[in-house]
Every structure is written in structure tokens, then in C-alpha cells.
Amino acid sequence: MSGTRPPVSAIRKGVPVSDTFMTADPHDTFSLLEGMLSSSAPRVRDGVAPAVFEIRALDVSYGSKRVLHDVSLELPEKRITAFIGPSGCGKSTALRCLNRMNDEIPSFHSRGKIMLAGQDIRGKGVDLTALRRAVGMVFQQPNPFPMSVYDNIALAVGEHEGRIARSTLDGIVEQALRQASLWDEVKDGLKGSALALSGGQQQRLCIARALAVKPAVIMLDEPCASLDPISTARIEELLLELSTDYSIVIVTHNMAQAKRISDKVAFFLMGRLVEMGDALQVFEAPARSETAEYISGSFG
Amino acid sequence: MGSITKQGNRRIGSSIGIALCWAASIAVAAVCLFIIGYLVFQGWHAINWHFLSTDPVASLSEESAGGVRTPMVGTAILVLFSIVLILPVAIGAAVYLAEYMDERWWITRIVRIGLETLASVPSVVFGMFGLAVFTLGFFKFLSSSGTEGGSMAFGRSFLVASIVMGVHILPFVIKVAEEAIRSIPKSLRQGALALGMTKWRTIRKVVLPAAAPGIATAVVLGMGLAAGDTAIVWLTLGGTMTMASDAWWKFSNWLPVLRGAGSTLTTFIYFNSPAGDGNSPGAAFGAALVLIVLVLVLNLTAQLLFRRGSKAGS
């Protein structure tokens, strides 16, 4: 991959016209500018996007072990936010709070506020099905279901839409696969097993699966950790395209990756949010010495 | 020098250990091959179209002893009915044990102990117990009436034997099915939950389809177990070598057949073998060969299903 952002016309490939133009984003001029920037420099985009998620004073513990201390941050809308930090720093835990995947862990306990569209998602009355539809998730290991490519997406759609006409479903599947830049590779083998795809294709299928239910946020937990550099580049390219329409949060160990694709960076260390800011600022002029040490590779 | 000697001893020790393990595995294969070889040698000449297509006759002479047609049919009925009867229970229990039960709950321990106990009960005890229960008048609908006007049921029929056999193979099928469900990677469940599926929908739509080959393996192995059991058949299918109902092949006779007594390959072997009640070793070995082939085919099918399943799951 060249590393430069594709022009806006290419970014919007596969995105329905209504979605693209009805929600025209005033900051899009910045994307245009960015296409000319090289990949080595952190991305520059306006930092004053409205927040999609607001985390306030979040404490998390597993049993008696405290894993997050007093974390407060805002995730900007239609931007890519990267959570970075050494293993065990709590970044994945923070991510999994956003769709309440931690609920599966019996000893999980949290305090604080996690506001999505003005509503605290930690409440008992929250419909997890609706929450997880709005906040899609992609995992470290690609985890397509052992069924056909088509059924992987149809299953996700069916969960939320109920019975729908076959032609409508076909359209949704195609659109999701196009958005995930996978359509051209799988269009002749939609009935083939998803497990026959390469790791990178499987990961893009998982992204398509998440996109098919029309989320507002897509979270990715080290999505490229098991992929080769070429597959990684394709995923990064894809995330950049998607960031014009979706808010994206990515946990990554790869500093170069965070530099290449993120607008905002949050650095976690030992369960605390050390610093969060525009990617350019965090990488070029970190406010805290721990951040500087981490991104320069002194530890972690 | 000292360390070198020690290493030498250790190497000799490990060579002996490996040799013993090798010998043990070869011994197992040899015993298995010897039994099958002996069965083929003894039973081969008994097997012909006549043997497979005639019904058994209680006779003292080998020539007029008849064949294994109705015992084969009996084995098929018993195996199919016992597995179909217990399958919903087995899958339900396996899902609950694998997905919902917390190993720290006391009820989980009780269920586990219950399953292990059930699995270790000898089949003759199940047979005896089944006979005691199903001869109660209440269960007359399961078997042909006992003595005319009596208050007891006959208590011996394909239906009764299928139920008792079902209980016998139940813990085994549950165990294998539970392992199949547990072997589905957690990442698949997480993926489904992250899409907003409830736990139940995740199990139904993702976990069970993925575990289907493993569950099929459990079913086929359970069928093999049912096909091979003798004591339950002997006690609860009537202690006879022949099918009680005439014209069993007529579909309209399905109820009398199921409520009637009969035999399977295992009881045919018993009643013909000099070791049992009969004096027709040739017929017994012939039936034993048929049975072994049937069980081998079932086990190979299970292996095939399992291999295909693990290929799809990786």
C-alpha cells in the first residue's frame, strides 16, 4: 500500500449515496488535504468532532484486582481513536466496557459513567442486543462462524431484522462486503465456507459482519495482530475509508499503526489513562514522560 | 564422569519405557485383530444369502437353525428407537452442562455424580430394573398384555427395551455431546455475543451448528453401544429368538411389532451359542460377524464425522 489516503471519491466507494451526502461532514476538506500527506507523519484531522462516547471516572475491577482507575475520556465521532499501552495496561478492558463484553466475566465490577448518545450504558435496563448492534466489535483472532460467507453476514442481519425478503438480504450482504472491500474477492464464492478464506479476508469478513447491522461505532481489539503486513495494510486502508462514516476505536500494540491511522490516541499505563490527545501531538510532543518513553520503545 | 554415567542410565530407562509403551499398543492391536480374525474365520462360512434372509428357528440342529433376518431388523429397531428417544434429553442436558452450569454449584456436582453413577451401572441391572417397572399394569400400553385379565403388563417389547436401552446409553451420549459443545472455541461465542445475539441464540445459531459433527459422533457411538448390549435385550425384549409379531414388514403392523417381543443379533448369538442356550456355534459366529461389521461401520462413521467436524472447526 502506498500509505497515502485515497481521494474522497474512492473513500466513498460502496457507501450509499444518501449516507455520504446527507450527512456531509464539514471536516471532510481535511481528508482531502491528508491524501497528500505521507504515511510517516501522524494523521492530521480536526480534533473538534462531537463525542460519540463519554467515559467519566470509570473504575473497573476483576474480583479484588483493580484494572482501571478513574478513566475519563471522550471518543470523537467519525474519527479513529487508538488505545495504546503495554500489555496488561487495561486498554482492552476499557474497550470491552463499551459494548459490555466484560459482563461475561463473573467477577467483573465497574463504577463510573459510560455515556453513549446521552445514555449511560452501564445501567441494568440497557438492551445489550441494541447496544451491541450500535457498537460493533472485531477481535484479535478472526472469528468467522463455521458457515458460508453469506450466512456469516445473514445471521447477524437476521438477529436484528427478523425475517426479511431474500432480495433485501442479498443487498445488505453485498453492501456490507463492499464496504469491507471484500466483495470482489468473494462474490463468486458466497456459498463457500468462510473458513476457507485467508486470515486477512476472514478479518475483513468480521468487519463486514459488524457493518451489516449498521453500527455507529466499530471497536477493534488488535485486529491485525495475527495478520501479515499486506493484510494489515489492507485493513488499515479499510479503516481509513470507514472512518468517514463510522466512529472507530482500535486497540493496538503497533505504534506505527497507531501513527498511520489514528486521529486521537489514548495512552494507558497500569490501569490509568496517562494521556489522550491528537495523534500528532501525542506522537510528536507527548505531554507526559511515560508516554514519551513508551512510544520511543523504552518499555512495553 | 559421574554425570555421563547418569545420563546413560537415563537413556536406558527411557528406551525401556518407550519399548513397554510400544509393546502395550501393539498388544492391544493384536488382541483386536485376533478376535476379528477368529470371528471371520469361524463365521465366514455361515454367512450367505440364506442366512441373511431367513428368520431364526429354535432348533437343536445347526442345519435347521435358520438365519438372522428378524434379529437384524430387531437390532435396527432397538438402536434407532433408543437413540431417537433420548436424543432431545441428551442434547438438552449436554447444552446445559456445557454452557450454563457453574461447576461450583452443588447441583452441578449432584448432576455430575448422577451421570457418572448412571454410566457405571451394569446393563443387566438396567434390564432388571426396567422389567420391574414396565411390568406394572400402568405400562400395559408399552407391551402386549400379560396374562389375560391380569393386572400386570408383559413388560417385554421393543418399546420397553428401547426405553431401557436409552437410559443405558444416555450418560455416554451426554458426555460425548458435552465434550463436542465444549470444544467449540470461545472466540465464536464472543463473536456472536458481540453481534448482539443473546446467549441462547448464540448456542442455537452458532455453537450447536458448529458442534453438529461432534454431536453426530456421540449419536453414532451411542448407537454402537446399543447395538452391542445383550443383557437389556435378553431381559426386556422377551427372552426369545423370534419376532413375536407376524408380517413385521407390513407398515400397518407397526404397533404390534413395537409392542411385541423379539430378538436382536446379540440375543440371537446368545440363544445359538453353546455358551448360552443353544447348540449352533456356526450360526452364532455368523451373527457375531454381522454384528461386529455393523459396530465397526458405526465407529468408522463416527470417526469420519469427527474428522470432518474438526477440519471444519479449525
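Predicted model, so just to flag it, every value in this text is computed and none were measured.

*Asks:* What is the right way to look at the overall build of chain A in this model?
*Replies:* In terms of helices and strands, chain A carries 13 helices and 10 strands. Restricting the contact set of chain A to residue pairs at least 6 apart, pairs at least 24 apart contribute 70%.

*Asks:* Which parts of the structure should I look at to understand the interface of chain B and chain A?
*Replies:* When the parts come together, some accessible area is lost, and that loss is often what is quoted as the size of the interface. The interface is formed by 17 residues belonging to chain B together with 21 residues belonging to chain A. Among the secondary structure elements, those contributing two or more residues to the side of chain B that touches chain A are helix H7 (186-194), helix H8 (199-228) and helix H12 (281-313) of chain B. It is H7 of chain B that contributes the most residues to the side of chain B that touches chain A, six residues altogether. Grouping the amino acids of the side of chain B that touches chain A by side-chain chemistry returns nine nonpolar, six polar and two charged.

*Asks:* How do you make sense of the sheet that holds strand S9 (residues 264-269) of chain A when you look at a structure like this?
*Replies:* Hydrogen bonds between backbone atoms are what pair the strands of a sheet, whose relative direction is either parallel or antiparallel. All names here are of chain A. What the six strands build is an open sheet, ordered S6-S7-S8-S3-S9-S10; its pairing is mixed. Strands with a single pairing partner mark the edges of an open sheet, and in this sheet they are strand S6 (135-138) and strand S10 (272-278). The mean inter-strand angle of the sheet, taken between neighbouring strand axes irrespective of direction, is 15°. Where S6 meets strand S7 (residues 217-221), four bridges bridge the pair, whose relative direction is parallel. Pairing of Val 138 across the sheet is with Leu 220, part of S7.

*Asks:* Teacher, can you tell me more about the sheet that holds strand S2 (residues 65-76) of chain A here?
*Replies:* Residues and elements named next belong to chain A. Pairing is antiparallel in the open sheet, where four strands are placed in the order S2-S1-S4-S5. The sheet terminates laterally at S2 and strand S5 (119-120), the two strands that pair on one side only. Looking at chain direction, strand S1 (residues 51-62) and S2 are connected through eight bridges and run antiparallel. If you follow Leu 58 over to S2, its bridge partner there is Val 71.

*Asks:* Looking at this structure, I do not really get the packing of helix H5 (residues 123-134) of chain B against helix H6 (residues 158-182) of chain B. What am I missing?
*Replies:* Packed helix pairs are characterised by how far apart their axes lie and by the angle those axes make with each other. All names here are of chain B. Contact geometry of H5 with H6 gives a least axis separation of 10 Å together with a crossing angle of 140°. Put simply, H5 runs oblique to H6. Of the two possible hands of crossing, H5 and H6 adopt the one that is right-handed. Residues Ser 123, Phe 126, Gly 127, Gly 130 and Phe 134 of H5 form the contact with H6, whose participating residues are Val 160, Val 164, Val 167 and His 168. In terms of residue class, the contact of H5 with H6 is built from five nonpolar, four polar and no charged.

*Asks:* How should the nonpolar core be read in this particular structure?
*Replies:* A general tendency of soluble globular proteins is for nonpolar side chains to be buried together. Core analysis: the biggest nonpolar cluster contains 162 residues, and Ala 208 of chain A together with Ala 94, Val 173, Ala 177 and Ala 287 of chain B have the highest contact counts within it. The leading source of residues in this core is H6 of chain B, at 16 residues. Discounting residues that sit within four places of it in the chain, Ala 287 of chain B has contacts with Val 68, Pro 71, Leu 265, Phe 268 and Ile 269 of chain B.

*Asks:* When you look at helix H9 (residues 199-211) of chain A in this model, what are you seeing that I'm missing?
*Replies:* Three- or four-residue spacings in an α-helix give side chains the same orientation, since the helix completes a turn every 3.6 residues. Look at H9 of chain A: 18 Å from first C-alpha to last across 13 residues, which is about the 18 Å you get at 1.5 Å a residue. When we look at burial in H9 of chain A, the residues that qualify are Gly 200, Gln 201, Gln 202, Gln 203, Arg 204, Leu 205, Cys 206, Ile 207, Ala 208, Arg 209, Ala 210 and Leu 211 of chain A.

*Asks:* Got a minute to help me understand unusual backbone geometry in this structure?
*Replies:* Outside of glycine, negative phi angles account for most residues, and trans bonds account for most peptide bonds. Residue and element names in this part refer to chain A. The residue Lys 78 is not glycine, and still its phi comes out positive at about 55°. Checked against the element boundaries, Lys 78 lands in the loop between S2 and strand S3 (80-84). The backbone of Ser 181 sits at a positive phi, close to 45°, despite the residue not being glycine. When you line up the elements, Ser 181 lands in the loop between helix H7 (166-179) and helix H8 (183-186).

*Asks:* What is the right way to read the pairing of strand S4 (residues 108-116) of chain A from this model?
*Replies:* Along a regular strand, successive side chains alternate from one face of the sheet to the other. Residues and elements named next belong to chain A. In this sheet, S4 lies alongside S1 in antiparallel orientation, the contact comprising eight bridges. Paired with Tyr 62 across the bridge in S4 is Phe 108. Looking at chain direction, S4 and S5 are connected through two bridges and run antiparallel. The partner of Leu 116 across the bridge, within S5, is Gln 119. Connecting the antiparallel pair S4 and S5 is a turn made up of two residues, with Ala 117 showing a positive phi of about 50°.

*Asks:* Sorry if this is basic, but what is going on with the environment of Gly 214 of chain B here?
*Replies:* Note on placement: Gly 214 of chain B falls in helix H8. Counting along the chain gives 73 residues from Gly 214 of chain B to Ala 287 of chain B, while the straight-line C-alpha distance between them is 30 Å.

*Asks:* Please clarify how the confidence of the model for chain A should be interpreted in this entry.
*Replies:* Where the model shows low pLDDT, its predicted coordinates should not be examined in detail. Residues of chain A with pLDDT of at least 70 account for 83%, and the chain-wide mean is 83. Contacts of residues 1-40 of chain A to residues separated by more than four positions or lying in other chains number 43 contacts, the stretch itself having pLDDT below 50.

*Asks:* Whenever I open this one, the confidence of the model for chain B confuses me. Can you help?
*Replies:* Of the residues in chain B, 94% reach a pLDDT of 70 or more, and the chain-wide mean stands at 87. This prediction of the complex comes with two scores: 0.80 for pTM and 0.80 for ipTM.

Reading the values: the criteria
- Residues numbered from 1 in each chain as written.
- Chains lettered and ligands numbered in written order.
- Predicted model: local features only at pLDDT ≥ 70, side-chain atom pairs only at ≥ 80, totals over all residues.
- Helix = DSSP H or I, 4+ residues; strand = E, 2+ residues; numbered from the N terminus.
- Contact = placed C-beta atoms within 7 Å.
- Nonpolar A, V, L, I, M, F, W, Y, C, P; charged D, E, K, R; others polar.
- Pairing = 2+ DSSP bridges.
- Axes fitted to C-alpha atoms, helices over the stretch in contact; angles between N-to-C directions.
- Parallel < 35°, antiparallel > 145°, perpendicular 65-115°, else oblique.
- Left-handed = near helix turned anticlockwise from the far one by under 90°.
- Core = buried A, V, L, I, M, F, W, Y, C linked by C-beta atoms within 7 Å.
- Buried ≥ 20, exposed ≤ 12 C-beta atoms within 10 Å, placed from the backbone.
- Expected span 1.5 Å × (residues − 1).
- pLDDT = per-residue confidence, 0-100.

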